[in-house]
Amino acid sequence: MPIVSPARALAGRTKTLAVAVAVAACLAVAGPAAAQQPASAAGQALKEACKGDYKTLCSGVQPGGGRIVACLKQQADKLSPGCKQALTAAQSAKQAGGAKQ
């Protein structure tokens, strides 16, 4: 039987604990996230389509709480066609998700 130092044993337990916490966090998020997949896909498309518009029109806006989307909506007349389309699709997906709940 190999001799393992207490520090090494603790490090191994810490890694195991970290993995267990990460898995638990993923499982906790997976349930609600599965219900939001259409909205999430639309949100991802919105990020990709509006990346340039965000940098040009809303770069000073702090992310979170829907502030970026609100900024994009306020600048609707200046948005690129792809961003406008993605914004409309994201809003539709969000409304459809809200109707299901």
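Residues numbered from 1 in each chain as written. Predicted model: local features only at pLDDT ≥ 70, side-chain atom pairs only at ≥ 80, totals over all residues. Heavy atoms only, no water.

What exactly am I supposed to notice about the state of the cysteines here?
Every disulfide links exactly two cysteines, by a covalent bond between their sulfur atoms. Going through the model one piece at a time under the given rule, you end up with two disulfides. What pairs with cysteine 50 in a disulfide is cysteine 83, and their sulfur atoms sit 1.9 Å apart. Of note, the bridge from cysteine 50 to cysteine 83 carries an S-S torsion of about 105° and is right-handed in sense. Separated by 33 residues along the polypeptide, cysteine 50 in the loop between α2 (37-49) and α3 (51-57) and cysteine 83 in helix α5 (residues 81-100) bring together distant segments of the chain. Shown here is the disulfide that connects cysteine 58 with cysteine 71, its sulfur atoms set 1.9 Å apart. Measuring handedness by torsion sign, the sulfur bridge of cysteine 58 and cysteine 71 sits at about -90° and is left-handed. Taken together, the positions of cysteine 58 in the loop between α3 and α4 (67-74) and cysteine 71 in helix α4 put the pair 13 residues apart, joining distant regions of the chain. Both residues of the pair, cysteine 58 and cysteine 71, count as buried. Listing the disulfide partners of the chain by sequence rank of the bonded cysteines yields 1-4, 2-3. (Disulfide = S-S within 2.5 Å. Helix = DSSP H or I, 4+ residues; strand = E, 2+ residues; numbered from the N terminus. Buried < 20%, exposed > 50% of the residue type's maximum accessible area, 1.4 Å probe, protein only.)

Help me out: how do you make sense of the side chain of aspartate 53 in this one?
Relative to the elements of secondary structure, aspartate 53 occurs in helix α3. Buried charge without a partner: aspartate 53 forms no salt bridge, and the closest opposite charge is lysine 84, 8.6 Å away. What aspartate 53 contacts, discounting residues up to four positions off in sequence, is Cys58, Leu72, Lys78, Leu79, Ser80 and Cys83. (Lys, Arg positive; Asp, Glu negative; His and termini not counted. Salt bridge = Lys/Arg side-chain N within 4 Å of Asp/Glu carboxyl O. Contact = heavy atoms within 4.5 Å.)

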